[in-house]
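Results of the structural survey
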Amino acid sequence: MIRWSFYKITMRRSSKVLIAIFFTYFLGLSCTSIGDSYRPIPGLLYNSMSFDGDFNPQNTVRPLRFGKGCVHHILRIYSWGDAAAGSIAWRELITKISYIDHSVTDFFIFYGRYCTYVYGE
């Protein structure tokens, strides 16, 4: 009799602890995405925006070629892809970069995509 009541109390406590950990994890991830310094402030549930990156201040390079690279994530736990401007330029045979743009799409923390667009010769 004593063992059963101990088991019930332990199960109640452990389920409350698991719920608290789960809630803290998802709340923490959503709050960390709000303070990103490399992009404008995103929306909490859905976010889709484009923003300027770097450019050639002399403006002597014409944007004749275009390259795109994206990084995707699931639950901010697993991510894949390549959004590095240098590797995009190398892959698309861009030797001189005119300007770089970015775009972000997020669905809360379930799925996200960060893309880099490279223009140049």
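Source: prediction; values computed, not measured.

Let us look at the side chain of H72. Inspection of the secondary structure assignment puts H72 in strand 2 (residues 65–74). At 2.7 Å, the side chain of H72 and the side chain of Y111 are in polar contact. Not counting residues within four places of it along the chain, the set of residues in contact with H72 comprises Y78, S79, W80, Y111, G112 and R113.

Attention now moves to the sheet that holds strand 3 (residues 78–81). Pairing in this open sheet of 5 strands is antiparallel, and the strands run 1-4-5-2-3 from one edge to the other. If you trace the sheet from one side to the other, it starts and ends with strand 1 (46–55) and strand 3, each paired once. Between one strand axis and the next, the sheet turns through 15° on average, direction left out of account. Of the pairings in the sheet, the one linking strand 4 (residues 97–107) to strand 5 (residues 111–120) comprises 10 bridges and is antiparallel in character. What sits directly across from T105, in strand 5, is R113.

All told, the structure shown has 7 aromatic pairs when counted by the stated rule. Geometrically, the ring pair formed by F66 and Y117 is stacked, given 6.0 Å between the ring centres and 15° between the ring planes. Here the residue F66 occupies a position in strand 2, and Y117 occupies one in strand 5, the gap between them amounting to 51 residues. Taking the relative accessible area as the measure of exposure, F66 reaches 42% and is therefore partly exposed.

All right, on to the pattern of salt bridges then. For the structure on display, the rule yields 2 salt bridges. For R62, the salt bridge goes to E121, with nearest N and O atoms at 3.4 Å. Residue R62 is located in the loop between strand 1 and strand 2, and its partner E121 is located in the segment after strand 5; the two are separated by 59 residues in the primary sequence. The class for E121 is partly exposed, based on a relative accessible area of 23%. Between E92 and R91 there is a salt bridge, with its nearest N and O atoms 3.8 Å apart. Residue E92 is classed as partly exposed on the basis of its relative accessible area of 29%. The exposure class of R91 is partly exposed, given its relative accessible area of 40%.

Rules used in this analysis
Residues numbered from 1 in each chain as written. Predicted model: local features only at pLDDT ≥ 70, side-chain atom pairs only at ≥ 80, totals over all residues. Heavy atoms only, no water. Helix = DSSP H or I, 4+ residues; strand = E, 2+ residues; numbered from the N terminus. Polar contact = N/O pair within 3.5 Å; in protein donor to acceptor, adjacent residues only side chain to side chain. Contact = heavy atoms within 4.5 Å. Pairing = 2+ DSSP bridges. Axes fitted to C-alpha atoms, helices over the stretch in contact; angles between N-to-C directions. Phe/Tyr/Trp six-rings, centres within 6.5 Å; stacked < 30°, edge-to-face > 60°. Buried < 20%, exposed > 50% of the residue type's maximum accessible area, 1.4 Å probe, protein only. Salt bridge = Lys/Arg side-chain N within 4 Å of Asp/Glu carboxyl O.

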